[in-house]
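# Topology and contacts: notes
What follows is each chain in one-letter form.
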Amino acid sequence: MALATTIFNLTMIAGIFLGIIFIIFTQFSNRRKDKAVIYLNLIVLFITLNNLQIYLVDNSILEVNFFVRKLLIPWYVMILPSFYAFVIYYLKIEKQINNYIGFAITFFGLELLIRVLFAVFFYGDKYNYAAAKYSQIEEIINVIYAFYFFFKAYLVFFKHSKLYAFVLKFDTIQWLKNFMFLGSLVLLLWVSAVILNLDKVLNPTIFIYYPMRFSCSVVLYWIGYQGFFNYEMLTERIELRKLVAKTDGEIPSHPKEIKETSSTDKLLSIKEYIESNKRYLDPNFSLEMLSTELKISTSSLSQTINKDNTTNFSDYINHLRIEKAKKHLTKAAYKNYTILAIGLECGFNSKSTFYSAFKKFTNTTPSDFRLKNQ
């Protein structure tokens, strides 16, 4: 038990420092005033304050009596509402869906008011049981409250995807959906801890909360860093795409079908379709999609490409993407955009696939290429 407590305390300390560093770091970002980043900072701030408070009290660094220990400031109440608000602003649907922040602040303020009333009218050892019982009831209510915001976020992700179709052009938000899965596990650990302590009003077993507190800290700090990185990338890609549209022109509409009879003519028409419509910029573009768009069977399309083309379909598409990336990396207009943002906007779906393809077709890295050609 002593070893588990030591590990838990070290994790808490590390988490507190990470939270402080994260908040300071984001203040140097150009996005620090964006609502999504503000709420992301609030998530990390409330976790940090909650963990700091627990660490100071549990390790007797901050000397408090039983009464005060039971009625610590409930910073954790604001974590999920802040996450929900972050999701709304990240997905840019704040005009369509209420963020409920006013409700959350009122709820938090009510719990603070109850603590003040307890301190004024019921402070003292003889009211310890009353304070402990209230703390237990409040925690049960807060669990339900947390599930409410978690469920609201779930509905946004899986029931209102049409509202954020614009964002899906730049981010699959799979990382957010992964968080929802991990978050559900944390909530279940919390429910388990509450149930196991129902008959222990005055002296709940603290170590039962360790798995929940540990996993909660790890998952929520993770969402902080992931959220900030992905939001930076999202906004950068939106700005970059606007610039590309101005300099390269809009993407033309797709022709309906290819009618050339000869194999050579058909291949030229296929390549013209892909290149003129910039279909290679779609990270999900595939032979099957091309078959549907051109109304040619997949087998016939594959035979045409493999017979007359010097490379296979995948290499041909990636070559077009790399050529596009090379142009962007050498233009002064794009010098303030990150290499990853450029790679993603050129049709790659990850940093690793972009760097791997770039190395294959140029025998150098995107970073070295940009440095040599600026």
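Our subject is the structure listed above.
Residues numbered from 1 in each chain as written. Predicted model: local features only at pLDDT ≥ 70, side-chain atom pairs only at ≥ 80, totals over all residues. Heavy atoms only, no water.

Helix and strand content of the protein chain: 16 helices and zero strands. Its C-alpha radius of gyration of 27 Å places the protein chain more than 25% over the 21 Å reference for a compact globule of 374 residues. Within the protein chain, the proportion of its 374 residues that are buried is 47%. Contacts spanning at least 24 positions in sequence make up 75% of the contacts within the protein chain whose residues lie at least 6 apart. When the accessible surface of the protein chain is summed, it comes to about 19,700 Å², and 62% of that surface belongs to carbon and sulfur atoms. (Helix = DSSP H or I, 4+ residues; strand = E, 2+ residues; numbered from the N terminus. Rg over C-alpha atoms; globule rule 2.2 N^0.38 Å. Buried < 20%, exposed > 50% of the residue type's maximum accessible area, 1.4 Å probe, protein only. Contact = heavy atoms within 4.5 Å. Areas by Shrake-Rupley, 256 points an atom, 1.4 Å probe, with all protein chains shown as cover.)

Interaxial distance between helix α6 (residues 128-159) and helix α8 (residues 174-196) falls to 11 Å at its minimum, and their mutual angle equals 160°. One way to sum up the angle between α6 and α8 is to call them roughly antiparallel. Of the two elements, α6 crosses α8, and the hand of that crossing is left-handed. Between α6, through Glu 139, Ile 140, Asn 142, Val 143, Ala 146, Phe 147, Phe 150, Ala 153, Tyr 154, Phe 157 and Phe 158, and α8, the contact on the second element is made entirely by Leu 176, Lys 177, Met 180, Gly 183, Ser 184, Leu 187, Trp 190, Val 191 and Val 194. (Axes fitted to C-alpha atoms, helices over the stretch in contact; angles between N-to-C directions. Parallel < 35°, antiparallel > 145°, perpendicular 65-115°, else oblique. Left-handed = near helix turned anticlockwise from the far one by under 90°.)

Attention shifts here to the nonpolar core. Ranked by size, the top nonpolar core spans 61 residues in total, and within it Phe 83, Phe 86, Tyr 90, Leu 91, Val 156, Phe 157 and Leu 176 carry the most contacts. Elements represented by at least two residues in this core include exactly α2 (35-58), α4 (79-90), α5 (101-121), α6, α8 and α9 (210-248). Other than its neighbours up to four places away in sequence, Phe 86 contacts Ala 36, Tyr 39, Leu 40, Ile 43, Trp 175, Leu 176 and Gly 227. Counting residues in hydrophobic clusters, the runner-up holds 20 residues, among them Leu 329, Leu 340, Ile 342 and Phe 369. (Core = buried A, V, L, I, M, F, W, Y, C linked by side-chain atoms within 4.5 Å.)

For the structure shown, the criterion picks out ten salt bridges. Lys 200 is paired through a salt bridge with Asp 199; the nearest N and O atoms lie 3.3 Å apart. Salt bridges linked by common partners bring Arg 31, Glu 232 and Glu 239 together as one network. (Salt bridge = Lys/Arg side-chain N within 4 Å of Asp/Glu carboxyl O.)

Any link to function would need more than the numbers given here.
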